[in-house]
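Fold and geometry: a report
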Amino acid sequence: MYSWCDFTWNPIRGKCPHACVYCFMKDRDVGPLRLDEKALADSLGSGRTIFVGSSTDMWADAVRGDRIWQVLNKCRHYDGNKYIFQTKNPSRLFKSCSQNGGSRPAETPGFKAKWASITGKL
Ligand code: SF4
């Protein structure tokens, strides 16, 4: 568990297409990228800092856009939390948010989010 969040939530699971050599998930058999319906049904509560997508990049090009929106809509439903996203594909995150009326998640109406990104592979 990370000290800076209360909860890690992974509604998108599976083999991350970035395949970073240092990834803590790289030797695990996690199956193909998919929406985890069970995780999507989780109660997210309120007043929490939630790291969304600690085990794969939900913003990777290989993840279906409608799956991403299912995750974001769930976050919107539980809008008393702070959500932290991490991606190596920040252009998709920004594009998704700009299509929803904001250029950054924190500027998107109805969506309070902090975001973190790592650009490029190390
Ligand atoms: S982007 Fe993150 S989850 Fe994906 S392989 Fe790299 S370190 Fe792992």
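Right, let's get into the overall build of the protein. Within the protein, the secondary structure is distributed over three helices and six strands. Ordered by position from N to C terminus, the α and β elements of the protein give β-β-β-α-β-α-β-α-β. When the 122 residues of the protein are sorted by exposure, 22% land in the buried category.

So, on to the pairing of strand β5 (residues 82-85). Across four bridges, the pairing between strand β4 (residues 49-52) and β5 is parallel. Bridge pairing in β5 links Phe 51 to Ile 84. In terms of handedness, the path from β4 via helix α2 (residues 65-77) over to β5 forms a crossover that is right-handed.

Attention shifts here to the site of the ligand. As a structural note, the neighbourhood of the ligand is formed by Cys 16, His 18, Ala 19, Cys 20, Cys 23, Met 25, Thr 56, Asp 57 and Lys 88. Classifying every residue of the shell around the ligand gives five nonpolar, two polar and two charged.

Looking at the secondary structure, you find Trp 59 in the loop between β4 and α2. When the C-alpha atoms of Trp 59 and Ser 96 are compared, they prove to be 9.4 Å apart, with 37 residues separating the residues in sequence. Leaving out residues up to four positions away in the same chain, Trp 59 has contacts with Thr 87, Asn 89, Arg 92 and Leu 93.

Counting 15 residues, the largest nonpolar core has Ile 50, Val 52, Met 58, Val 71, Tyr 83, Ile 84 and Phe 85 as its most contacted members. Elements that contribute at least two residues to this core include exactly β4, α2 and β5. Leave out the neighbours within four places in its chain, and Ile 50 touches Cys 5, Asp 6, Phe 7, Trp 9, Leu 44, Asn 81, Tyr 83 and Ile 84.

The end-to-end C-alpha distance of α2 is 18 Å, a good match for the 18 Å that 13 residues give at a rise of 1.5 Å each. On the buried face of α2, the contacting elements are β2 (12-13), β4 and β5.

Rules and cut-offs
- Residues numbered from 1 in each chain as written.
- Predicted model: local features only at pLDDT ≥ 70, side-chain atom pairs only at ≥ 80, totals over all residues.
- Helix = DSSP H or I, 4+ residues; strand = E, 2+ residues; numbered from the N terminus.
- Buried ≥ 20, exposed ≤ 12 C-beta atoms within 10 Å, placed from the backbone.
- Pairing = 2+ DSSP bridges.
- Right-handed = clockwise from strand over helix to strand, strands pointing away.
- Near = placed C-beta within 6 Å.
- Nonpolar A, V, L, I, M, F, W, Y, C, P; charged D, E, K, R; others polar.
- Contact = placed C-beta atoms within 7 Å.
- Core = buried A, V, L, I, M, F, W, Y, C linked by C-beta atoms within 7 Å.
- Expected span 1.5 Å × (residues − 1).

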